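# Structural characterization, general
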Amino acid sequence: MQSQVGKLAVIIILCAVLFSLLTVIIQLRALGDWFVYLEEGHQIKRHTAVLQVTAPSPWQYRVLSEYLVEGVILILGKLGLPHPVASGFILFRFFQNILIFIFATLYYRRLGLNTYITLIGLSFLAWGMTHSLYDSDLQFNTYSDIIFYLLAGIAILYKKYIWIIPITSLAALNRETSGFIPLMLLIDGLY
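Residues numbered from 1 in each chain as written. Predicted model: local features only at pLDDT ≥ 70, side-chain atom pairs only at ≥ 80, totals over all residues. Heavy atoms only, no water.

Before going further, it helps to examine the packing of aromatic side chains. Scanning the model with the defined rule gives 5 aromatic pairs in all. Judged by centre distance (5.5 Å) and plane angle (45°), the rings of F19 and F101 are tilted. Here F19, found in helix α1 (residues 2–30), pairs with F101, found in helix α5 (residues 84–110); they are 82 residues apart in sequence, far enough to count as distant. F19 sits in the buried class, given a relative accessible area of 16%. (Phe/Tyr/Trp six-rings, centres within 6.5 Å; stacked < 30°, edge-to-face > 60°. Helix = DSSP H or I, 4+ residues; strand = E, 2+ residues; numbered from the N terminus. Buried < 20%, exposed > 50% of the residue type's maximum accessible area, 1.4 Å probe, protein only.)

Rendered as structure tokens:
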């Protein structure tokens, strides 16, 4: 039984990494000249505006993801890696995607879906994520929002309601839509 769980964990992690790699590659291709877009175009301009508190509403309040990305960029710069800005954006998105796939797996499994249906669900999720750049940039706050909602859903399904407080608190630094997270708990209480 334990070896089966171990094999399943390896399969899920491998799928999460592969789906993340696939979606990042497709998302970068959708940006056109992605290197210029990330280092000189809209992505870096929005990122800098949020950090300098000059971004228009509502982006000026969506600071958590931008500060996390900035941390990755600074670390890569300190390590002497070439193009730390583009590399930081890409690496951060890659890890966001991995977290989304892993948390989606936990969520699906807690709902009682078997391994095959879970993998099909992850495949559909990966396919949907490849279309997420239409008229948009990498939108780190949107992907972090997904992570927080999945975490909240998992906490509710496991009846760990106290976790809604720190999840919502962190999510509030990321995006204003996190105000709906406590409503998930309220709605769960109605059923």
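Alright, that's what it looks like, and here's the rest.
A rise of 1.5 Å per residue sets the reference length of helix α6 (residues 115–129), with its 15 residues, at 21 Å; its end C-alpha atoms lie 21 Å apart and thus fit the reference within 8%. Listed in full, the buried residues belonging to α6 are T118, G121, L122, A126 and M129. In a view along the axis of α6, the buried residues occupy a sector of 140°, so they form one face of it. Exposed side of α6, more than 90 degrees from the buried face: Y116, F124 and W127 are the residues found there. (Expected span 1.5 Å × (residues − 1). Arc of directions from axis to C-beta.)

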